[in-house]
Amino acid sequence: MTPFDTALRIHRREVDSVKVSISIEVERITTLEAQSRANAQREREERALAATLPVASDGWTARMKHEQVRIREAAHLAQARLGQLRAQAIEAYGTMRAIEGAAERYQDEADRTVAVAEQTGIDDIAAARFLLARRMPAKRTA
């Protein structure tokens, strides 16, 4: 446990949330592009059919053009949102990595402190044994 764990969990959730949002926007863009291609194909087919019939298709053509404009605008907005989400993901990931680095440094310092304390304890025990061993022969000769 470090003082950074809570912040790290929060930023990991934020990164995960942004990843999900990016996936949603990419799927939205893919769907809009598919709709645009399908509409363009349908428009070509309808124009070919309209050329063979004496019926006017101006209303339908205008509606299809309007639909294509709507799809292009929606795709443009989705692309802009995707750009924003990617920038947000970069920022959130950078912050998360910085917090991870701080947590690692904190843990390394804590481990070093424990190791120094253990070594100090071992040194104290060794010094006490050494002094005890030096006193023992002096007591025997007396």
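Let us look at the structure shown here. (Residues numbered from 1 in each chain as written. Predicted model: local features only at pLDDT ≥ 70, side-chain atom pairs only at ≥ 80, totals over all residues. Heavy atoms only, no water.)

**Observations regarding the overall build of the chain**
Phase 1 of the analysis: Scanning the chain from terminus to terminus reveals 2 helices and 0 strands.
Phase 2 of the analysis: Scaling as 2.2 N^0.38, a compact globule of 142 residues should have a C-alpha radius of gyration of about 14 Å, whereas the chain reaches 36 Å, well beyond that.
Phase 3 of the analysis: Across its three principal axes, the chain shows a C-alpha extent of roughly 135 × 20 × 15 Å.
Phase 4 of the analysis: When burial is assessed residue by residue, the chain has 20% of its 142 residues classed as buried.
Phase 5 of the analysis: Considering only intrachain contacts with a sequence separation of at least 6, the fraction spanning at least 24 residues in the chain is 86%. (Helix = DSSP H or I, 4+ residues; strand = E, 2+ residues; numbered from the N terminus. Rg over C-alpha atoms; globule rule 2.2 N^0.38 Å. Buried < 20%, exposed > 50% of the residue type's maximum accessible area, 1.4 Å probe, protein only. Contact = heavy atoms within 4.5 Å.)

**Notes on the packing of aromatic side chains**
Phase 1 of the analysis: Tallied over the full model, the rule gives 1 aromatic pair.
Phase 2 of the analysis: A ring pair is formed by phenylalanine 4 and tyrosine 106, whose centres lie 6.2 Å apart and whose planes are at 75°; its orientation type is edge-to-face. You can see phenylalanine 4 sitting in the segment before α1 (5–52) and its partner tyrosine 106 sitting in helix α2 (residues 58–141), a full 102 residues away along the chain.
Phase 3 of the analysis: A relative accessible area of 29% places phenylalanine 4 in the partly exposed class. (Phe/Tyr/Trp six-rings, centres within 6.5 Å; stacked < 30°, edge-to-face > 60°.)

**With respect to the environment of alanine 103**
Phase 1 of the analysis: On the secondary structure map, alanine 103 appears in helix α2.
Phase 2 of the analysis: Alanine 103 sits 101 residues away from threonine 2 along the chain, and the two C-alpha atoms are 6.2 Å apart.
Phase 3 of the analysis: If sequence neighbours within four positions are ignored, alanine 103 has contacts with Thr2 and Phe4.

**Observations regarding the pattern of salt bridges**
Phase 1 of the analysis: According to the stated counting rule, one finds 5 salt bridges in the structure shown.
Phase 2 of the analysis: The partner of arginine 28 in a salt bridge is glutamate 25, and the shortest N-O contact between them spans 2.5 Å. Placement of the pair is arginine 28 and glutamate 25 together in helix α1, with a separation of 3 residues, close to one helical turn.
Phase 3 of the analysis: According to the relative accessible area criterion, arginine 28 is partly exposed, its value standing at 42%.
Phase 4 of the analysis: Take glutamate 25: its relative accessible area is 6%, and that puts it in the buried class.
Phase 5 of the analysis: Linking glutamate 67 and arginine 70 is a salt bridge whose minimum nitrogen-to-oxygen distance equals 2.7 Å. Highlighted residues: glutamate 67 and arginine 70, both in helix α2, separated by 3 residues, approximately one helical turn.
Phase 6 of the analysis: One continuous salt-bridge network, built from bridges that share partners, spans Arg12, Arg97 and Glu100. (Salt bridge = Lys/Arg side-chain N within 4 Å of Asp/Glu carboxyl O.)

**As for α1**
Working note: α-helix, 3.6 residues per turn, so residues spaced by three or four point in the same direction.
Phase 1 of the analysis: Its 48 residues give α1 an end-to-end C-alpha distance of 71 Å, which sits within 8% of 70 Å, the value for a rise of 1.5 Å per residue.
Phase 2 of the analysis: If you check which residues of α1 are buried, you get Asp5, Leu8, His11, Val15, Val18, Ile22, Glu25, Ile29, Leu32, Asn39, Glu43 and Ala50. (Expected span 1.5 Å × (residues − 1).)

**Considerations on the nonpolar core**
Phase 1 of the analysis: With 6 residues, the main nonpolar core is built from Val18, Ile22, Ile29, Ala78, Leu82 and Leu85.
Phase 2 of the analysis: For this core, the secondary-structure elements that each account for two or more residues are α1 and α2.
Phase 3 of the analysis: Formed by 5 residues, the second largest nonpolar core is a distinct cluster that contains Leu8, Ala92, Met96 and Ile99. (Core = buried A, V, L, I, M, F, W, Y, C linked by side-chain atoms within 4.5 Å.)

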